[in-house]
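The lines below spell out each chain.
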Amino acid sequence: MSTPNSSDPSLKRGLIMLLAVGAGLAVASLYYSQPMLGVLGAELGAAPGALGWIPTLTQLGYAFGILLLAPLGDRYDRKRIILAKSIVLAAGLLLAGFAPGMSLMLAASFTVGVAATMAQDIVPAAATLAPAERRGAIVGTVMTGLLLGILLSRVVGGFVAENLGWRVMFWVAALAILVLALALWRHLPGFAPTSRLPYRALLGSLGTLWRLHSELRRSAIAQGLLYMGFSAFWSTLAVMLHDAPFHLGADAAGAFGLAGAAGALAAPLVGRVADRHGPARLARLGAALTAVSFASMALLPALPPSAALWLIAASAVGFDLGIQMSLIAHQSIVYGIDPAARSRLNAVLMTGVFVGMAAGGALGGMALAHWGWIGVTALATATAAGALALRALPRRPAPVTQCEA
C-alpha cells in the first residue's frame, strides 16, 4: 500500500484542493433538502409535521456515522472508507431523487446523513498528508471547502429546486459525488492503518482517549460550548426576524447565513496563524471574538430596525469567524495528540460539536420563549465566555502513555 508523501508538490495544490471540494460536497448533501421541503412535501403529499423528519433523520444519520464509523479510519485504509462512503452517499441521493413517497425519502435521508460523514474522514486524511509545520494551514484549506459546502448548499438547493425541480437537485448532487469518487480513486494515496484494534475495542478506545488526554476533553467541551451559542442564534433568528419590528421572511434569515462566508474564506489564513503562534492562543482569541460578537447584540432593542439588521450581520461575521478560528485551532490540537488515533480523536471532537449544537437549538428556543431575544443573546454570550474560561485554564502535562493502537 502506498503511503502519503508530504513532500509531494501535488499535496500543496491539486490534492488538497480536491480534498477541500470533497469535504464541501459531502457535507452539502446534508442541507440540500432544507430549502426544498415545501415543494417536496407538496409533491409527496406529506404533512408539515412529517417533513421535519427529513432534516432530523439526516442529522441523526450524521451523528451515528461520526460516532460509529469515523473511528474506522484508524483501523482500515482511509482511502477505501472514503470511496465506499462516496458510493453509498451517491446511492442515497439518487434514492431521494426517485423517492415516490415519504417512506423511501426518510430512508434516503438517514442514508445520506450516515454516508456524508466521509467529510469527517477527509479532514483527518488532510491532517495525515500535511507536514507538522503546515498542518494548520492545510486543514484550514480543507475546512474552507467544508464550510462553504454548508453555507452554499441551501442557496444552491433552493435555486435548483425553484428552476429545475427538487428531484433534479438530488440527481445533480449524486452525479457530483460520483465524479468526486472517481477523482479521489485516481489521485488520493492509500493510508496505512494505524491501529490493529477490533471494532468493539476501537469504539471502546474513544473513552480511553477521553480519559487520557485533558486537551482532548478541553477542546471538545470548549468547541461544543461555542457551537451551543451558534445553534441558539441560528435556530431562533428566523423567528425573531419574522416578528416586529422586522417582519421579514425566511429568505432574509437565510441571507444572513452568507455572512458566515467570511469565516469560511478566512480558514486557511487562520490555519497559518495557528502554525505560527500556536493553536492554544488562537483558540482563546476565537472564543473571545465570539463572546464579544454575541454580547454586542444586547444593543439590538435600543436600535432602529435598519441599524439592528446591520448589527446582526456584523455580529454574525464576527462570531462565525471566531468559532471557525477555534475549530481549526482545536483540530490542530487534537490531531497532534496521537497521530495513530486521528480518526478517533476527530470523532470525539465532532461529537462534542454535535452535542453542543443539539443542546443550543433546544435551549435557544426556551430562552426565546421565556426572555425574548435578550435571553438568546445572554445564553450565547455565556457559552462563549465559558469556552474562553476553559481555554484560559493552565495546560496540564500530556500523559506519557498513549492509547493502545
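Structure: see above.
Presented here is a report on the structure given in the accompanying data block. Positions within a chain are numbered from 1, following the residues in the order the chain's sequence is written. Restriction of local features to residues with pLDDT of at least 70 applies here, the model being predicted, together with a cutoff of 80 or more for giving and counting side-chain atom pairs; totals for whole chains, interfaces and linings are based on all residues. Just so you know, side-chain values use all the structure's heavy atoms and leave hydrogens and water out.

A word on the overall build of the protein chain
- Numbering goes from the N terminus for both helices and strands, where a helix is a DSSP run of H or I of at least four residues and a strand is a run of E of at least two. Within the protein chain one finds 17 helices and zero strands.
- Throughout, exposure labels follow a simple rule: accessible area from a 1.4 Å probe, protein chains only, divided by the maximum for the residue type, with under 20% read as buried, over 50% as exposed, and the rest as partly exposed. When each of the 405 residues of the protein chain is scored for burial, the buried share is 53%.
- Residue contacts are defined here by distance: any two heavy atoms, one from each residue, within 4.5 Å place the two residues in contact. Within the protein chain, counting contacts between residues at least 6 apart in sequence, those at least 24 apart form 84% of the total.
- Each accessible area is a Shrake-Rupley estimate made with a 1.4 Å probe; only the visible protein chains count as cover when residues are assessed. When the accessible area of the protein chain is evaluated, it comes to approximately 16900 Å², of which 70% is carbon and sulfur surface.

Focus on the packing of helix H15 (residues 279-296) against helix H16 (residues 305-335)
- Fitted lines through C-alpha atoms serve as axes, helices being fitted only where they are in contact, and the angles separating the N-to-C directions of these axes extend from 0 to 180 degrees. The geometry of H15 relative to H16 is characterised by a closest axis approach of 7 Å and an angle of 160 degrees between their N-to-C directions. When the interaxial angle is binned, H15 and H16 end up roughly antiparallel. As H15 packs across H16, the resulting crossing turns out to be left-handed.
- Class assignment of the residues belonging to the contact of H15 with H16 gives a composition of 15 nonpolar, 10 polar and no charged. Angles are sorted into four bins: roughly parallel if under 35 degrees, roughly antiparallel if over 145, roughly perpendicular if 65 to 115, and oblique for all others. A crossing counts as left-handed when the near helix is turned anticlockwise from the far one by less than a right angle, and as right-handed when that turn is clockwise. The residue classification treats Ala, Val, Leu, Ile, Met, Phe, Trp, Tyr, Cys and Pro as nonpolar and Asp, Glu, Lys and Arg as charged. All others, Gly included, are polar.

Re the nonpolar core
- For the purposes of this section, nonpolar cores are sets of buried Ala, Val, Leu, Ile, Met, Phe, Trp, Tyr and Cys residues that join through side-chain atoms within 4.5 Å. In this structure, Leu19, Leu89, Met105 and Leu184 are the most contacted members of the largest nonpolar core, which totals 103 residues.
- Tallying contributions element by element places helix H17 (residues 342-392) first for this core, with 12 residues.
- Filtering out sequence-adjacent residues up to four positions away, Leu19 remains in contact with Ile122, Ala126, Leu129, Val142, Leu184 and Leu188.

So, the pattern of salt bridges
- Salt bridge, as used here, is a side-chain nitrogen of Lys or Arg placed within 4 Å of a carboxyl oxygen of Asp or Glu. Here the structure, examined in full by the defined rule, presents seven salt bridges.
- The partner of Arg80 in a salt bridge is Asp77, with the nearest N and O atoms 4.0 Å apart.
- Looking at Asp77, the relative accessible area reads 8%, which means it is buried.
- The residue Asp121 makes a salt bridge to Lys85 at a minimum N-O spacing of 2.7 Å. Taken together, the positions of Asp121 in helix H7 (residues 119-129) and Lys85 in helix H5 (residues 78-98) put the pair 36 residues apart, joining distant regions of the chain.

So, the side chain of Arg78
- The residue Arg78 is located in helix H5 in this model.
- When sequence neighbours within four positions are dropped, the list of residues in contact with Arg78 reads Gly73, Asp121, Pro124, Ala125, Thr128, Phe191 and Ser343.

Details of a nonpolar patch on the surface
- Where nonpolar side chains cluster on the molecular surface, the patch consists of Leu60, Phe64, Leu67, Leu68, Phe110 and Tyr199 and spans about 500 Å² of accessible area.
- Top contributing element to the nonpolar patch by residue count: helix H4 (residues 53-68), with four residues.
- By the secondary structure assignment, Phe110 is in helix H6 (residues 102-115).
- For Phe110, a relative accessible area of 31% corresponds to the partly exposed category. The patches described consist of residues with a relative accessible area above 30% and no salt bridge, like charges being joined within 9 Å and nonpolar side chains (Val, Leu, Ile, Met, Phe, Trp, Tyr) within 5 Å.

Quick notes on the packing of H7 against helix H8 (residues 135-163)
- Direction vectors running N to C along H7 and H8 enclose 155 degrees, while the axes themselves pass 9 Å from each other. In terms of orientation, H7 lies roughly antiparallel with respect to H8. Here H7 runs over H8; the crossing is right-handed. Here H7 contributes Ala119, Gln120, Ile122, Val123, Ala126 and Ala127 to the contact with H8, which in turn contributes Arg135, Ile138, Val139, Val142, Met143 and Leu146.
- Along the lines of polarity and charge, the residues of the contact of H7 with H8 split into 10 nonpolar, one polar and one charged.

Notes on the environment of Ala115
- Relative to the helices and strands, Ala115 is located in helix H6.
- Along the chain, Ala115 and Ala91 lie 24 residues apart, while their C-alpha atoms are 9.6 Å from each other.
- In contact with Ala115, other than residues within four places in its own chain, are Lys85, Val88 and Leu89.

A word on the environment of Ile16
- As for its placement among the helices and strands, Ile16 is situated in helix H1 (residues 14-28).
- Judged by its relative accessible area of 4%, Ile16 is buried.
- The spatial distance from the C-alpha of Ile16 to the C-alpha of Ala130 is 9.3 Å, given a sequence separation of 114 residues.

Concerning H17
- Across its 51 residues, H17 extends only 25 Å between first and last C-alpha, which sits more than 12% below the 75 Å expected from 1.5 Å per residue.
- Bend angle per residue: angle between axes fitted to the 7 residues ending at that residue and the 7 residues starting there. Taking the largest bend as the criterion, H17 deviates by roughly 140 degrees, centred on Trp371. Take the number of residues in a helix, subtract one, and multiply by 1.5 Å to get its expected span.

Concerning the packing of aromatic side chains
- Only the six-membered ring of Trp is used, alongside the rings of Phe and Tyr, when aromatic pairs are assigned; centres must lie within 6.5 Å, and planes under 30 degrees apart are stacked while those over 60 apart are edge-to-face, with the rest tilted. One pass over the structure, following the stated rule, counts eight aromatic pairs.
- Each ring, one from Trp166 and one from Phe170, has its centre 6.0 Å from the other, and the planes form 85 degrees; the classification is edge-to-face. One end of the pair is Trp166 and the other is Phe170, both in helix H9 (residues 166-187) and four residues apart, which spans about a single turn.
- Site record: aromatic cluster; members linked through ring pairs are Tyr227, Phe230, Phe233, Phe294, Phe319 and Trp373.
- A ring is considered to have a charge above it if a Lys NZ or an Arg CZ atom is located within 6 Å of its centre and within 35 degrees of its normal. If you follow Arg75 out to its NZ or CZ, it ends over the ring of Tyr76, 5.1 Å from the centre.
- The aromatic ring of Phe191 is capped on one face by Arg78, whose charged end is 5.6 Å from the ring centroid.

Treat this as a map of the structure, not an account of what it does.
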